[in-house]
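Chains, contacts and geometry: an overview
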Amino acid sequence: MKVVILLIALLCALATASERNELEVSFGAGVWMPSLFDSDTQLNPGPAFMLSLQIPPSLGNCFIIETGYLSVTSDRDNWNGVTGIPLTIGYRTYPFFRKYAGPRGIEPLLGIYGGGILLWDRPDGNQDSNKTGAAVIGAEIGARIMLGESTSLDLVVSPEWVPAGSALAGESNKDFSGLKILASIVF
């Protein structure tokens, strides 16, 4: 009798458990803070907009393909700022995810990613615009907050290393390493 009750309970749990095994799309916005570790930089934090595809987020982990639009302003004379378009591939894990726990309120997340970014500056005059590419290596720490049955909010802080080798917006001998802070709606 105990075995039958346990089997029925297990079947009910299997039938009602929400498995994350489908593709998820994420749209997010936040702030980009490049050159954060250089004390004499003239770049100001700016907006970051990101779009990602999470493949497949089952059993508490997933691969992420992400792109977006990043922009900052500059306090240097003759420069308006810098714009960037990243393309990264990463791995994210939810360390406290349990397959049959169902939707929970908040789940911590950890991740790593790498890829590239296309950067160009915006001159405020007759100067030529500089363009460059750079590698991107970063980490993610944050949380996923469930908003409904299949919708959630990801809050993520990402320190990243971006060794841009060109003098963009008058920022010579600087790299664009810094932070991204994003809030994303996941469907």
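Note: the structure precedes this text.
Residues numbered from 1 in each chain as written. Predicted model: local features only at pLDDT ≥ 70, side-chain atom pairs only at ≥ 80, totals over all residues. Heavy atoms only, no water.

Some words on the overall build of the protein
Selection criterion: Runs of H or I in DSSP of at least four residues are treated as helices and runs of E of at least two as strands, each being numbered from the N terminus. Note on classification: 1.4 Å probe, protein chains only; a residue is buried when its accessible area is under 20% of the maximum for its type, exposed when over 50%, partly exposed between these limits. Contacts between residues were defined by any pair of non-hydrogen atoms, one from each residue, lying within 4.5 Å. Note on areas: Shrake-Rupley with a 1.4 Å probe; residue coverage comes only from the protein chains shown.
Looking only at helices and strands, the protein features 1 helix and 9 strands. For the protein, the succession of helices and strands along the chain, N to C, is α-β-β-β-β-β-β-β-β-β. Looking at the 187 residues of the protein, the share that counts as buried comes to 37%. Within the protein, counting contacts between residues at least 6 apart in sequence, those at least 24 apart form 63% of the total. Only carbon and sulfur atoms are counted for the fraction: they give 65% of the accessible area of the protein, which is about 9900 Å².

A short note on the environment of Ser-129
Heads up, the condition is: Whenever a nitrogen or oxygen atom comes within 3.5 Å of another N or O atom, the pair is scored as a polar contact, on the condition that within protein one atom can donate a hydrogen and the other can accept it, and that pairs from neighbouring residues in sequence are kept only if both atoms are in side chains.
Along the polypeptide, Ser-129 turns up in the loop between strand E6 (106–123) and strand E7 (131–146). Here Ser-129 falls in the partly exposed class, since its relative accessible area comes to 30%. C-alpha separation for the pair Ser-129 and Leu-168, spaced 39 residues apart in sequence, amounts to 8.4 Å. In this view, Ser-129 contacts Trp-120, Asp-121 and Pro-123; residues no more than four positions away in its chain are not counted. Side-chain polar atoms of Ser-129 contact the backbone oxygen of Asp-121, separated by 2.7 Å.

Things to note about the nonpolar core
So the rule is basically this: The nonpolar core is taken to be a set of buried Ala, Val, Leu, Ile, Met, Phe, Trp, Tyr and Cys residues, with the residues joined through side-chain atoms within 4.5 Å.
Ranked by size, the top nonpolar core spans 19 residues in total, and within it Trp-32, Leu-70, Val-82, Ile-117, Leu-119, Val-162 and Phe-176 carry the most contacts. Those elements that provide at least two residues to this core are strand E3 (46–55), strand E4 (61–74), strand E5 (79–93), E6 and E7. In terms of residue count, E6 provides more of this core than any other element does, 3 residues in total. Apart from residues no more than four positions distant in its own chain, Phe-176 is found in contact with Trp-32, Pro-34, Ser-35, Leu-43, Val-82, Leu-119, Val-162, Ala-164 and Leu-168.

Quick word on the pattern of salt bridges
To keep things clear, this is the line we draw: Salt bridges are defined as contacts in which a side-chain nitrogen from Lys or Arg sits within 4 Å of a carboxyl oxygen from Asp or Glu.
According to the stated counting rule, one finds 5 salt bridges in the structure shown. The salt bridge involving Glu-140 is made with Arg-92; its shortest N-O contact spans 3.0 Å. With Glu-140 in strand E7 and Arg-92 in strand E5, this pair connects stretches of sequence that are 48 residues apart. For the pair Glu-140 and Arg-92, one class covers both residues: buried.

Side note on the environment of Leu-23
Note on placement: Leu-23 falls in the loop between helix H1 (2–16) and strand E1 (24–33). With a relative accessible area of 52%, Leu-23 lands in the exposed category. A sequence separation of 33 residues divides Leu-23 from Pro-56, and the C-alpha atoms of the two residues are 5.5 Å apart. The contact partners of Leu-23, leaving out residues within four places of it in the chain, are Leu-53, Gln-54, Ile-55 and Phe-187.

Re the pairing of strand E9 (residues 178–186)
The side chains of a regular strand alternate, first on one face of the sheet and then on the other. Quick note on the threshold: For two strands to be treated as a pair, DSSP must find at least two bridges joining them.
Relative to E9, E1 runs antiparallel, the two being bridged by 8 bridges. When the sheet's bridge partners are listed, Val-31 is paired in E9 with Ile-181. Across 9 bridges, strand E8 (residues 152–161) lies against E9 in antiparallel orientation. Residue pairing in the sheet places Val-156 in a bridge with Leu-182 of E9.

Focus: a nonpolar patch on the surface
The following threshold applies: Here a patch means residues that are over 30% exposed by relative accessible area and free of salt bridges, tied together within 9 Å if like-charged and within 5 Å if nonpolar (Val, Leu, Ile, Met, Phe, Trp, Tyr).
On the surface, a cluster of nonpolar side chains totalling about 520 Å² of accessible area is made up of Val-25, Phe-27, Leu-51, Leu-147, Ile-185 and Phe-187. Here Phe-187 shows up in the segment after E9.

By themselves, these figures tell us nothing about what the structure is for.
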